[in-house]
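# Descriptive structure summary
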Amino acid sequence: MSRWTIRRLLLPFLVAAVAFATVAALPAAPRPAAAAPDRGHEVTYDRYSLKVDGERVFLWSGEFHYFRLPSQQLWRDVLEKIRAAGFTGVSLYFNWAYHSPAPGQYDFSGVRDVDRLLDLTEELGLYTVVRPGPYINAEASGGGFPAWLKQVPGRARSSAPGYTEAYHEWLDHINPIIARHQVTRGGSVIAYNVENEYAANTDAAYMQDLQDTARAAGIDVPITHNQCCDASWTPTWASGLGAVQIPGVDDYPQSFECQTPEVWGPWGEGVTERLSENAPVYGAEYQAGAIDLHRAGYEKCRELTGPAFMKYFYKSNLIASGATMHGFYMAFGGTNWGWLGQPNDVYTSYDYGAAITETRQLTEKYDEFKRQGYFVRAVAPLTRTDPADAPASANPALGTLARSNPDTRTQFVLVRHADRASTTTEDTSLDWSTPDGEYQVPVRVSGRDAKILVAGYDLGGQRLVWSSSEIMTHERIAGRDVALLYGRSGEPGATVLRYPSRPSVRVLSGSVRTSWRDGDLRLDYTHAGLARVAVSGGGRPPMLLLLGTDQTAAEFWRTDTDAGPVLVRGTELVRSARVGGSTLSLRADTAAPGEVEVFAPRSVRRLTVGGESVRVRPTTSGSLAGRLHGPAPVRLPKLSGWRYRPEAPESRPDFDDSRWTVADRTTSVSPFPPTTLPVLFAGDYGFDYGQVWYRGHFTATGTETTVDLNAITGRDGVYQVWFNGRYLGSARGGVQADSEPPVNQNPGPGSFRLPALAPGERGVISVLVENLGHNDDWTADDNRFKQPRGLVGASLPGSTATVRWRLQGAHRERADPVRGPLNTGGLYGERHGWHLPEAGGSWAAPRPPGPGVSWYRTDFRLDLPRDQDVPLGLRFDGTGPYRVQIYLNGWQVGRHTADLGPQREFVLPAGLLRERGANTLALAVTALDEAAWSPPRLVVQANHWTGRR
């Protein structure tokens, strides 16, 4: 790169880079893979589960996209919340486009520092499934492919030489980073996923080369894949060229129809198929949310895939197939900031209806993940099970399935509605042949629910004969077994425990009836609030049995300390705990004043939360209880003092475009044929993201009456047209091409009437074309992925005049070195730094936007409490024919499509937002006509006291 290029690249951003050094300028150049240290471990597997050093692992992982959260300080927050929900692992896509603005250029610094990300997963004790693609889909622009790949000859996702050379370049950078973070080298990476949903294509040699390339880079953990949709390659998944060690399955049984959340499982039963007799059953990508295809709003998607869906489908999957490896998509969705999203299915928010919202808040779905996640972590026999005879149900409306562990004989019985769509409440009696005898077990299943009941289980030092309540967790704490069981509020429950002799039983709270017969202690109750039963003697260690509802069970948090496990009830979140002497120190969040209760090791007499001492008292349950304060209210400044600056000097006929790129190509790699010549495809000239300006010069013949244009922008995109400075109007820029030929030859036509022109008169056509992102490569078909962006045709019907075209945008060789290539496009204001905090120039009092682009800026100061987590958003209340690009301190954090919706509120993530200091907000408003609009306002999206970390 020349010194001139370096200066041009860096100068507009130097001040901004310094300002954000703590957020995004942490150097992290790829380091070579190191030799395996002594602290490494062995990862193996059999048909039942993964194993680390011979110990079975139940992989319960949630998907997280670091590239959709451009704030390193918030990575920890989300990962801690994933861990706190009981997940044993996290699944990570790595987005090639996010790291590579141009061929041969790679950046792993700042918000792209995946070394730091993997360090975090190691620190937090989360196993990691890495998914480096090269193709990831993920509803990201290009499916994660860099836009420059569209100019590489040869079909992507194949063995074509051009593509092979390109993806080797990517893997040569990302694989060494992954290799040094493997479990086998003391890190967190337990499995490596090649490609993504590749059953749409069958190039086995390509799949084999991906694996060979990984192995050559030092990847020695098991290699996996997630099969989806087209089963044509199924027979070779477990053997032959291209077969992976642990094949997995994608499954989205609830589809993506968020507008009809009451529809139940239209895409199938949702049971993960066993694809190999030599590897565990792997639900590699299981539905945990949905794309909002019809813009119903992500709360509808959360309802579509809510707790009822999770109970029925996740538990069915566990018992019907015995899967011990799971990846739930998504645990946290995040934000399509900048030009990250793909053009057809998503808007700025990628909340996805996930368990953790885009604003990092916990939902009812999070509660259900926690109930199931704690269960699979606590009940070890679940890691090795075989199908078993299920107890018969006396009520045909309720069906049963069963598995058992061949070593411990522990049984797991799934009870659910035979009709999965049923919403009725049904009672039944199970004739259950347990390892400890024959029993009739009463069970109630209400609505769309499913229960996993356990029998013949050594619950710590206790013997659980059977229970009609579900196990959430159990631990040995302070010399006794503490077990938490639960059921729906109002449902009856019964639990039977076996003792060599009759134990002493005390009901500490709640209504529980006890009886003793032939070595069995039976407890009968109705799930309501939280009942507590203390059992001692009988030849076993003492026990505290906690019997709760779904809701009270979700109020508990389990975490580890060096002194042993801890249970906490009453905080909004427990991040971690530490025991020092007689003090238990919690890192926890609270949303309001309330009670806190801890079950801790014997030595603990004192409690601190968030660094503050909490007065506690002992309870009859052997716990310590106290009271926490909540967060202080937060007042936000009103956004005022707006300044205005009109854009679009490019529309004026006297604008100097002599340094712009000349459109002179006559051929293209794209399979889409240009409608007219020269080729005007933006990517062919290096302009990959955001808006692109075109200017066409001609000398009139006097016969010109219209200019006919054709453009591709991605769905809902537009292009605007001026002639000699006069606004002619706008047109839609076409939609994603069909996945199969023939390609749409007329994607975004627009005919614009010209004023009368005299022969010899000079004419300048100015066109501003949006680029809402690049098509995915779902079908491994270049007709889809390589569909161009920008103008694809331009003509003056009836005229023989030659139009000479130039274009300008955000060139791939001049990407923002701090925020990356996806942050900005080719608006005049972006090219001249108007979105940056230190932008100078002449700004005026605000006025309504006219056709084209208008910029608005304001500054505001924040002084948020240091001991509180206060996510902030930007709220727009107006609607109209305009779009707004939102820049926070130079980062494009969202795009408000006022005429389309549904999103009106945009996250301002901490790290990009200075929570204590000055901030600059810049808005680029693109109006399609004269538009009235209202400036946005700051809003508090949540408020939690976190204490002094």
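Read on for an overview of the structure. Model, not experiment: these values are computed from the prediction.

### Some thoughts on the overall build of the protein
Helix and strand counts for the protein come out as 14 helices and 55 strands. The C-alpha radius of gyration computed for the protein amounts to 30 Å, which stays within 12% of the reference 30 Å derived for 949 residues, consistent with globular compactness. Within the protein, buried positions represent 65% of all 949 residues. Restricting to contacts in the protein with at least 6 residues of sequence separation, those with at least 24 account for 73%. Total accessible area computed for the protein in this model is approximately 32400 Å², and 49% of it derives from carbon and sulfur atoms.

### With respect to helix α7 (residues 161–179)
Between the first and last C-alpha of α7 there are 25 Å, a value that for 19 residues agrees with the 27 Å anticipated at 1.5 Å per step. Along its length, α7 shows its largest kink, about 30°, at L171. For α7, the full list of buried residues reads Y163, T164, A166, Y167, W170, L171, I174, N175, P176, I177, I178 and A179.

### A short note on the pattern of salt bridges
A full pass over the atoms with the stated rule returns 58 salt bridges. A salt bridge links R875 to E905; the nearest nitrogen and oxygen atoms lie 3.8 Å apart. Here the residue R875 occupies a position in strand β49 (residues 872–875), and E905 occupies one in strand β52 (residues 905–908), the gap between them amounting to 30 residues. What emerges from the salt-bridge pattern is a single network uniting R76, D77, E80, K81, E123, R360, R575, R587, D589 and D869.

### Quick notes on the state of the cysteines
Tallying each qualifying case throughout the model produces 1 disulfide. Note on cysteine connectivity: C258 is disulfide-linked to C301, with sulfurs 2.1 Å apart. Here C258 and C301 share a disulfide; its torsion about the S-S bond, 105°, makes the bridge right-handed. With C258 in the loop between β9 (246–251) and β10 (282–287) and C301 in helix α9 (residues 298–304), this residue pair connects regions lying 43 residues apart in the sequence.

### Looking at the pairing of strand β33 (residues 606–609)
Where strand β31 (residues 583–589) meets β33, 4 bridges bridge the pair, whose relative direction is parallel. Each residue of the ladder has a partner; that of L584, found in β33, is L607. With antiparallel pairing between neighbouring strands as the criterion, β33 and strand β34 (residues 612–614) make up a hairpin whose turn holds 2 residues, including G610 at a positive phi of roughly 60°.

### Here's the deal with helix α10 (residues 307–321)
Helix length check: α10 (15 residues) gives 21 Å between terminal C-alpha atoms against 21 Å at 1.5 Å per residue, within 8%. Among the residues making up α10, those that are buried are F309, M310, K311, Y312, F313, Y314, K315, S316, N317, L318, I319 and S321. Positive phi appears at G322, one or two residues downstream of α10, with a value of about 70°.

### A closer look at the sheet that holds β34
Pairing within the open sheet is mixed, and its 4 strands lie in the order β30-β31-β33-β34. Only two strands of the sheet have a single neighbouring strand rather than two, namely β30 (573–580) and β34. Neighbour-to-neighbour, the strand axes of this sheet turn through a mean angle of 30°, independent of strand direction. Pairing analysis gives 3 bridges linking β33 to β34, with the strands arranged antiparallel. Within β34, the residue paired with T608 across the bridge is S613. Against the sheet, helix α4 (residues 72–84) contacts β30 and β31, and its axis sits at roughly 80° relative to β30.

### Here we look at unusual backbone geometry
Backbone torsion omega between G133 and P134 reads 15°, so that peptide bond is classified as cis. Backbone torsion omega between Y329 and M330 reads 5°, so that peptide bond is classified as cis. Mapped onto the secondary structure, M330 falls in strand β11 (residues 325–332). With phi around 60°, R157 is a residue other than glycine that occupies positive phi space.

### Thoughts on the packing of helix α6 (residues 114–123) against α7
Two packed helices can be described by the angle between their axes and the distance between those axes. Direction vectors running N to C along α6 and α7 enclose 25°, while the axes themselves pass 10 Å from each other. By the angle class used here, α6 and α7 are roughly parallel. Relative to α7, α6 is oriented so that their crossing is right-handed. Taking contact as the criterion, the partners of V114, D115 and L118 in α6 are, on α7, I174, I177 and I178. The residue inventory of the contact of α6 with α7, partitioned by class, reads 5 nonpolar, no polar and 1 charged.

### Concerning the packing of α4 against helix α11 (residues 364–378)
Where α4 contacts α11, the axes come no closer than 9 Å and their chain directions differ by 60°. What the angle tells us is that α4 and α11 run oblique. Contact residues: α4 offers K81, R83 and A84, while α11 offers Y366, K370, Y374 and R377. Taken together, the residues of the contact of α4 with α11 sort by class into 3 nonpolar, no polar and 4 charged.

### Here we look at the environment of K311
Along the chain, the position of K311 falls in helix α10. The class for K311 is buried, based on a relative accessible area of 4%. For K311 and T802, which are 491 residues apart along the polypeptide, the C-alpha to C-alpha distance reads 66 Å. Ignoring any residue separated from it by four or fewer positions in sequence, one finds K311 in contact with S316, E368, Q372, D449, A450, R488 and D550.

### Some points on the packing of aromatic side chains
Applying the stated criterion across every chain, the model contains 55 aromatic pairs. Taken together, a centroid distance of 6.3 Å and an interplanar angle of 85° make the contact between Y66 and W75 edge-to-face. An identical accessibility class is assigned to Y66 and W75; each is buried. Taking 6.1 Å as the distance between ring centres and 55° as the angle between the ring planes, the aromatic pair formed by F67 and Y98 counts as tilted. Placement of F67 in the loop between β4 (59–64) and α4 and of Y98 in helix α5 (residues 96–99) is noted, with a sequence separation of 31 residues between them.

Conventions we followed
Residues numbered from 1 in each chain as written. Predicted model: local features only at pLDDT ≥ 70, side-chain atom pairs only at ≥ 80, totals over all residues. Heavy atoms only, no water. Helix = DSSP H or I, 4+ residues; strand = E, 2+ residues; numbered from the N terminus. Rg over C-alpha atoms; globule rule 2.2 N^0.38 Å. Buried < 20%, exposed > 50% of the residue type's maximum accessible area, 1.4 Å probe, protein only. Contact = heavy atoms within 4.5 Å. Areas by Shrake-Rupley, 256 points an atom, 1.4 Å probe, with all protein chains shown as cover. Expected span 1.5 Å × (residues − 1). Bend = angle between axes of the 7 residues up to and from the residue. Salt bridge = Lys/Arg side-chain N within 4 Å of Asp/Glu carboxyl O. Disulfide = S-S within 2.5 Å. Pairing = 2+ DSSP bridges. Axes fitted to C-alpha atoms, helices over the stretch in contact; angles between N-to-C directions. Parallel < 35°, antiparallel > 145°, perpendicular 65-115°, else oblique. Left-handed = near helix turned anticlockwise from the far one by under 90°. Nonpolar A, V, L, I, M, F, W, Y, C, P; charged D, E, K, R; others polar. Phe/Tyr/Trp six-rings, centres within 6.5 Å; stacked < 30°, edge-to-face > 60°.

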